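In case you want the letters, here they are:
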Amino acid sequence: MAQPELSLALAIYENKGAHALLLGSGLSSAAGILTGGAISLDFIRRACLLTGDDPGGDPGAWFEAQFGKPASYSNVLEAFDPSQGGRSGLLRSYFEATQEDREAGRKVPTEAHHAIAALIAKGYVRVVVTTNFDSLLEQALDAASVPHQVIASPDDAAGARPFMLAHCTVVKVNGDYRDTRIKNTDEELGVYDPRMERVILKVLDDFGLVVCGWSADSDVALVKLVREHQSRLFATYWTHRRSPIGIAAELIEARRAQLLKIDDANSFFRQIEEHTTALERTLGQQTLDARAVFESVKRYVAEDRHRVQLEDLLIRLTRELIGALPNHDYPGNTHGVTPGQVKERLAIYEAASERVRAAMVAGCFWGGEQHRRIWANVVTQLATLPGEEHGYTTRPDRRLYPALLAMYSGGIAAVASHRYDHLAAVLVQPRARAVIGGNVATVPALLDVYPGNVLNERENSTLSEISPSYGPFNYYLRDTLLPSFSSLFIREHEYDLWFDRFEYLAMLVHGRLSKELTGHLWAPRGKLMLKGLRGKSDRDRLIGELLNEARSEGSAWGAVRAGLFSGVAEFEQLVQKTEPWANNI
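Cut-offs and rules
- Residues numbered from 1 in each chain as written.
- Predicted model: local features only at pLDDT ≥ 70, side-chain atom pairs only at ≥ 80, totals over all residues.
- Heavy atoms only, no water.
- Buried < 20%, exposed > 50% of the residue type's maximum accessible area, 1.4 Å probe, protein only.
- Helix = DSSP H or I, 4+ residues; strand = E, 2+ residues; numbered from the N terminus.
- Pairing = 2+ DSSP bridges.
- Right-handed = clockwise from strand over helix to strand, strands pointing away.
- Axes fitted to C-alpha atoms, helices over the stretch in contact; angles between N-to-C directions.
- Contact = heavy atoms within 4.5 Å.
- Phe/Tyr/Trp six-rings, centres within 6.5 Å; stacked < 30°, edge-to-face > 60°.
- Lys NZ or Arg CZ within 6 Å of the ring centre and 35° of its normal.
- Salt bridge = Lys/Arg side-chain N within 4 Å of Asp/Glu carboxyl O.
- Parallel < 35°, antiparallel > 145°, perpendicular 65-115°, else oblique.
- Left-handed = near helix turned anticlockwise from the far one by under 90°.
- Nonpolar A, V, L, I, M, F, W, Y, C, P; charged D, E, K, R; others polar.

**A closer look at the pairing of strand 5 (residues 208–212)**
The side chains of a regular strand alternate, first on one face of the sheet and then on the other.
Consideration 1: Counting buried residues in strand 5 gives five out of five residues, a clear majority hidden from the surface.
Consideration 2: Of the two faces of strand 5, the one holding Gly208, Val210 and Cys212 and the one holding Leu209 and Val211 are both buried throughout.
Consideration 3: Inspection of the sheet shows strand 1 (residues 19–23) paired to strand 5 by five bridges, in the parallel sense. When the bridges of strand 5 are listed, His19 appears paired with Gly208.
Consideration 4: Sheet topology places strand 5 next to strand 6 (residues 236–240); three bridges connect them, and they run parallel. Within strand 6, the position partnered with Leu209 by the bridge is Thr236.
Consideration 5: For the segment spanning strand 5, helix 13 (residues 220–228) and strand 6, crossover handedness is right-handed.

**A few points about the sheet that holds strand 6**
Consideration 1: On the basis of which strands lie adjacent, the open sheet formed by seven strands has the order 3-4-2-1-5-6-7 and parallel pairing. Every other strand in the sheet has two partners, leaving strand 3 (149–151) and strand 7 (258–261) as the edge strands with one partner each. Across the sheet, the mean angle separating the axes of adjacent strands is 20° when strand polarity is ignored.
Consideration 2: Strands strand 1, strand 2 (127–130), strand 3, strand 4 (169–172) and strand 5 of the sheet are contacted by helix 12 (residues 194–206), whose axis makes an angle of about 125° with strand 4.

**Notes on the packing of aromatic side chains**
Consideration 1: Counting across every chain of the model gives 20 aromatic pairs.
Consideration 2: An aromatic cluster is built from Tyr408, Phe485, Phe489, Tyr495, Trp498, Phe499 and Phe502, whose rings are joined through pairwise contacts.
Consideration 3: Between the NZ or CZ atom of Lys16 and the centre of the ring of Tyr124, over which it lies, the distance is 4.8 Å.
Consideration 4: Above the plane of the ring of Tyr475 lies Lys527, whose end atom (NZ or CZ) is 5.9 Å from the centre.

**Quick look at the pattern of salt bridges**
Consideration 1: Using the criterion set out here, one finds 36 salt bridges in the structure.
Consideration 2: When the shortest N-O distance is used, the salt bridge between Arg551 and Glu572 registers 2.6 Å. A residue pair is termed long-range when its members are at least 10 positions apart, and Arg551 in helix 26 (residues 536–553) and Glu572 in helix 28 (residues 568–578) qualify at 21 residues.
Consideration 3: Put simply, Arg395, Asp397, Arg399 and Asp448 are held in one network by salt bridges that share partners.

**Quick notes on unusual backbone geometry**
Consideration 1: Its identity is not glycine, yet Arg256 carries a phi of approximately 50°, on the positive side.
Consideration 2: As for its position among the elements, Arg256 is in the loop between helix 14 (246–255) and strand 7.

**A few points about the packing of helix 17 (residues 339–352) against helix 20 (residues 401–416)**
Consideration 1: The geometry of helix 17 relative to helix 20 is characterised by a closest axis approach of 9 Å and an angle of 55° between their N-to-C directions. The pairing of helix 17 with helix 20 is recorded here as oblique in orientation. Along this stretch, helix 17 crosses helix 20, giving a crossing that reads as right-handed. Between helix 17 and helix 20, the residues in contact are Leu346, Tyr349 and Glu350 and Tyr401, Pro402 and Leu405, respectively.

**Some remarks on the environment of Val129**
Consideration 1: Residue placement: Val129 occurs in strand 2.
Consideration 2: The class for Val129 is buried, based on a relative accessible area of 5%.
Consideration 3: Along the chain, Val129 and Thr169 lie 40 residues apart, while their C-alpha atoms are 8.4 Å from each other.
Consideration 4: Once residues lying within four places of it in the same chain are set aside, the contact partners of Val129 are Leu21, Leu22, Leu23, Val171, Val173 and Val203.

**Some remarks on the environment of Ala324**
Consideration 1: Assignment of secondary structure puts Ala324 in helix 16 (residues 307–324).
Consideration 2: Taking relative accessible area as the criterion, Ala324 reaches 52% and is therefore assigned exposed.
Consideration 3: Taking the C-alpha atoms as reference points, Ala324 and Ala352, separated by 28 residues in sequence, lie 7.2 Å from one another.

**What to know about the pairing of strand 4**
Consideration 1: Burial of the side chains of strand 4 extends over both faces: Thr169 and Val171 are buried on one face and Val170 and Lys172 on the other.
Consideration 2: Across four bridges, the pairing between strand 2 and strand 4 is parallel. Residue Val128 lies in a different strand from strand 4, and its bridge partner there is Val170.
Consideration 3: In terms of strand pairing, strand 3 meets strand 4 through three bridges, oriented parallel. Within strand 4, the position partnered with Ile151 by the bridge is Val171.
Consideration 4: Of the crossover connections in this fold, the one passing from strand 3 over helix 10 (residues 154–159) to the parallel strand 4 is right-handed.

**Notes on the packing of helix 19 (residues 372–383) against helix 20**
Consideration 1: At a minimum axis separation of 8 Å, helix 19 and helix 20 run at an interaxial angle of 160°. Comparing their axes, helix 20 and helix 19 come out roughly antiparallel. The two elements helix 19 and helix 20 cross, and the hand of that crossing is left-handed. Residues Val378, Val379, Leu382 and Ala383 of helix 19 form the contact with helix 20, whose participating residues are Pro402, Ala403, Ala406 and Met407.
Consideration 2: Of the residues assigned to the contact of helix 19 with helix 20, the class counts are eight nonpolar, no polar and no charged.

Below, the structure written as structure tokens:
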């Protein structure tokens, strides 16, 4: 599937129930239900049959000549029956299927309606907002035995259950054709009852949107709300068959929506439903496999006779992960990027790398000296991406994210088990290609694989909008990797100590390696350094523990023997030189 559809399918899969659908008349027209314009012309023809007038070949022109205004849907309905109750009766025949309609497949739920019902049944969609009067979606939900509530009037809005307590909510912003309070005219479409408006705002503020079949031409009040309100967490996806114009184009730009070119609503929703089903089989199975991988690696490292199976497993998992990566994924110009878009993009790599991360955690925690080469090879393969053999690609590059996750997973596990040799296996031994002094060179992967080379500053800064606990990428990494270590700690505070110790040692090793290669001491700061004065006590405690450990063990200290530092003196110098890097916020 195309890249935008991959992003949408994964976003829906990874953020179950976080995206609402906004459906317009394009979805109903595929079922043979006339659009507003077509209904207007048919109204004119029916009226002429009753009066004996001849509208000729252009009923619209006849209407304009007779009434002195364009034959818009709103004007025609007002002209022939100004009452809402009367219009409801007139409209019934356009929405209710006769036996002949059913036999012909008209005015019955389409493939799109049934696919949407399937997505709702699985919990991927919880809320649908529609401008349509028909009941086709409700019929599809009934056919799939999916419980749902319908909000089609202010009274419905006042008595509705909260979205998160209802399996599904269908919000019919313009009403239901069976209700006399339906909205047809420009005046009616220009404003919502406050109770209905609160429901719409709740959707726009809390959910991402997938827009399909909505031209935005007539729904004045809805357009205003969609333009002014948007979820901070989740993106907008706007499907189109032809290039959007007019108000739709303005809304797409205002919401920085991702455009998805589709053939029709039926094939689009069928494909999304099929893709999420496939993701359940692959990524869902991959989640199960991640646990199985974790246990398998534990067994393999326990006995040296399993070393071949262990290496074969890691080679296969790494190869499959690399094969899933796109050819390029550079952040580029991300002005206006939303936190939801960043998170959705990262989630693609997080899901794809889950099994490799599980293997690195288990291996670097329980593995022996004879396994170090395996962990180093995993990071090397992920850090040396296809296409870089003959040159150097642009940085930042989100394709480096799996390498970063593997390095962090193995490194934190090594710190947790006090295995400095395994820490060196993921920080010092892996190789990559990087620009050093203006030239492309093969260097320790640590110099190329760090948070700033995965996300640019703009994307990094948006993560703080997702949660107050997020700030720079390091905070996001801490939360993302936490579940992988849940079986290794009793209290979460232990994991935080491992994470901070790993990042601090990685910073010092990065600084040492960069000094050796360029003569300049530089390294990306970890979460503990970025806390500034707020983290001073935690930083002092960590540094004190490491200094005491190094000084008491001297040249026998594991970090020295593993090659992380040439000696205790060098370690102490690096600590002293990097302490001013703490950002005093």
